[in-house]
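Results of the structural survey
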Amino acid sequence: MSYIEAVVLGLVQGLAEFLPISSSGHLALLQQWFGIKEDSVLLFAVLLHVGTLISVFIVYWKDIWELIVELFLTIKDLCTGKGLRLEERPVRKLGVMIIVATIPTGIIGLLFNDFFNGLYNSVIPIGAGLIITGFLLLIAEKTGHSTRGIKQMNYRNALFIGTIQGIAIWPGISRSGSTLFGSLMCNLDRKFAVKFVFLISIPSILGSAILEAPDAIKSGMAGTDMGPVIAGMAVAAISGFVAIKTMIKIVSDKKLSYFSYYVWLLGAIVIGYGIFFA
């Protein structure tokens, strides 16, 4: 893998992971374009996930630190018989909701992993996923006028958002776009919805990397120059940081429809290519 290929893949991973345009779909298309076999870059793909995780930790480090501290306080309260006390402690409730949302995502990922992986054999499912993403974004833009935050959020909301996130394993369906759609359909405040979307991406991305790790380690990177790999990972972290900051502003300004037009156009091109040329 050349430096150019690694940097381009890292850039796309970082931007598309958090902008609502589907990183899985874009990376699959780029790998076909560059002629890169998936088995040869499995470990590189895992490291790109690590790069994007770094960007989430940088942007939301205060929230993540509060969640870590609250975890130990929760254990203390449970051991002393005080209970969860979720309504008294918003940060604790946020942590619980992240866990609850992760459960359906993990179940869907484990049960249907082979099915979703099979969709990468053709570009047509990727194009279909991109078009679906466009409609989800358009709906999301017209919702989310509530001020409901973590105090008003309930378990049904978390389960619904987590289920939508699980479905986004389909290549071409944006994880950030679909979970934002789910959050706004639950009538959550837009600013809180964006934060929740990115915080639940941590266990999702980490889980995906863990699932891919055994095959990635088995395939290894023998003979691969680590320079491009490190460059791609660094670019993924930097572009991910920019994408998160951009996404926060875009959601607040209600400009998600711009991405709808992009993924619709790309999806139509990909499906057309799959039908007539692939």
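Attention here is on the structure that accompanies the text. Remember, predicted model here, so these are calculated numbers, not experimental data.

Turning to the pattern of salt bridges, a few remarks are in order. Between side chains of opposite charge, a pair can form as their charged atoms come close. With the rule as written, the count across this model stands at nine salt bridges. Measuring nitrogen to oxygen at the nearest pair gives 2.9 Å for the salt bridge that ties E70 to R92. Separated by 22 residues along the polypeptide, E70 in helix α4 (residues 61-79) and R92 in helix α5 (residues 90-118) bring together distant segments of the chain. Of the two residues, E70 and R92, both sit in the buried class. For the salt bridge of E87 with K93, the shortest nitrogen-to-oxygen distance reads 3.6 Å. Residue E87 is classed as exposed on the basis of its relative accessible area, which comes to 59%. The network of salt bridges with common partners includes E70, D77, R85, E88, R89 and R92.

To continue, consider the packing of aromatic side chains. Under the definition given, this model contains eight aromatic pairs. Linked through ring pairs, F18, Y60 and F198 together constitute an aromatic cluster.

About the criteria used
Residues numbered from 1 in each chain as written. Predicted model: local features only at pLDDT ≥ 70, side-chain atom pairs only at ≥ 80, totals over all residues. Heavy atoms only, no water. Salt bridge = Lys/Arg side-chain N within 4 Å of Asp/Glu carboxyl O. Helix = DSSP H or I, 4+ residues; strand = E, 2+ residues; numbered from the N terminus. Buried < 20%, exposed > 50% of the residue type's maximum accessible area, 1.4 Å probe, protein only. Phe/Tyr/Trp six-rings, centres within 6.5 Å; stacked < 30°, edge-to-face > 60°.

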